[in-house]
Amino acid sequence: MTIESPADLARYAAAQGEIYSLFRSISSDSCQSPGIHPPLLCWRGGIIRGLHCFERAMQAEKPLALPVIWLEDDDPAAAVLAFLETENRPDSYSIEELNSLYSIIETLELETPSAQSAPAATDFSQKLNTFVQKKGDFRQHVMQYRKLPVVLRKAVAAGSFDLRSATVISGLPESVLELLVAAEISFSQRRIVAVRVQEICRRDSLAQDEIVSLVQRILAKADPQAEVQRLRFPQLTQRQERAHAMQKNHLSGQRIRIELPDNLEGDSISIVCRVASAKELHSQLECLDRLQEHIDEYLGLL
């Protein structure tokens, strides 16, 4: 069905209420392709998808014919699934969009025992997962998101933190979270610094003012990530610095590299040599001959 008169859809476009706001906050109907207008979805007296396209079409010099799908008023589950099927973008919804979608489901009571029969509810949930998130349960992500402090919810929505890291650090004082969110460091650095700060606080039972001071000192460093690693793992850092100093002393001027296992966890090391001539090979063999006297020192760092 199509409609040509703006007046015929005026009341649908003007429909207000939380449910319409939620649908429209998820809708991706930006109509970026001129002349192409996806169907408007109308349900219970309002446009739930296509409002932006409708408004743009009505601003054209000549009235445009718009395709319209009228959804059954008494079947909210079908309306939600039709909306998601038209969106057709599984695994690409932002956390804010998932939150809005779950609010729609809660408002319409689509997954409560009293709302539908058990088979119908199961069928709805299965189709919902197919349209929204094929792996995992988006509901769990939404519930984690809702439990976050406001400052972290905004940070996750803005892409400054991932949901998992935000959940881990959610117990930090709000003033500390604000410092971490505002820090001019990369996404990866912010995540590592925040999680390590949380671990240090748990280990040392720091008070709020101590945590604030700690974070300020870390962020003031040229390399906040290296600084927080040093504070979080002081013994490991000392051993790594010792290994670096030993290599500088033992291998100076040689294209020889001693590779230690990650976090110095293991029972062996690797020695890598690069040569470009017989003369260089001879020099390296002499260096390795001297190095063997110190191998137990390297192994002792593991």
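We now turn to the structure provided with this report. (Residues numbered from 1 in each chain as written. Predicted model: local features only at pLDDT ≥ 70, side-chain atom pairs only at ≥ 80, totals over all residues. Heavy atoms only, no water.)

Side note on the environment of Ile-105
Step number 1: Within the secondary structure layout, Ile-105 lies in helix H5 (residues 95-107).
Step number 2: Placed 28 residues apart in sequence, Ile-105 and Ala-77 show a C-alpha to C-alpha distance of 8.5 Å.
Step number 3: Excluding residues that lie within four positions of it along the chain, Ile-105 makes contacts with Leu-110, Glu-111, Leu-128 and Phe-138. (Helix = DSSP H or I, 4+ residues; strand = E, 2+ residues; numbered from the N terminus. Contact = heavy atoms within 4.5 Å.)

Notes on unusual backbone geometry
Step number 1: Phi is positive for Glu-109, close to 55°, though the residue is something other than glycine.
Step number 2: The residue Glu-109 is located in the loop between H5 and helix H6 (118-132) in this model.
Step number 3: One non-glycine residue with positive phi stands out, namely Ser-205, at about 50°.
Step number 4: Looking at the secondary structure, you find Ser-205 in the loop between helix H11 (187-204) and helix H12 (208-220).
Step number 5: Residue class for Ser-205 comes out exposed when judged on its relative accessible area of 62%. (Buried < 20%, exposed > 50% of the residue type's maximum accessible area, 1.4 Å probe, protein only.)

Describing the pattern of salt bridges
Step number 1: Within the structure shown, the criterion is met by 13 salt bridges.
Step number 2: With a shortest N-O distance of 2.8 Å, Asp-204 and Arg-203 are connected by a salt bridge.
Step number 3: By relative accessible area, which is 39% here, Arg-203 ends up partly exposed.
Step number 4: Put simply, Glu-259 and Arg-257 hold a salt bridge, and the shortest N to O gap is 2.6 Å. (Salt bridge = Lys/Arg side-chain N within 4 Å of Asp/Glu carboxyl O.)

A word on helix H15 (residues 278-291)
Step number 1: Here H15 is 14 residues long and its end C-alpha atoms lie 20 Å apart, about the 20 Å a rise of 1.5 Å per residue gives.
Step number 2: Here the buried face of H15 lies against helix H14 (234-250), strand E5 (256-259), strand E6 (270-273) and helix H16 (295-299). (Expected span 1.5 Å × (residues − 1).)

Here we look at the packing of aromatic side chains
Step number 1: If you walk through the whole model with that rule in mind, you get 3 aromatic pairs.
Step number 2: Here the aromatic rings of Phe-23 and Trp-43 are separated by 6.3 Å at their centres, their planes lie at 75°, and the arrangement is edge-to-face. With a gap of 20 residues between them, Phe-23 in helix H2 (residues 18-26) and Trp-43 in strand E2 (residues 40-43) connect regions that are remote in the sequence. Pair check on accessibility: Phe-23 and Trp-43 agree, each one buried.
Step number 3: Note on Phe-23 and Phe-83: the rings are 5.1 Å apart at their centroids and 65° apart in plane angle, and the pair reads as edge-to-face. Of this pair, Phe-23 sits in helix H2 while Phe-83 sits in helix H4 (residues 76-87), and the two are 60 residues apart along the sequence. Grouping residues by exposure puts Phe-23 and Phe-83 together as buried.
Step number 4: Here the aromatic residues Phe-23, Trp-43 and Phe-83 are joined through ring pairs into a cluster of three or more. (Phe/Tyr/Trp six-rings, centres within 6.5 Å; stacked < 30°, edge-to-face > 60°.)

Purely geometric numbers; function is a separate question.
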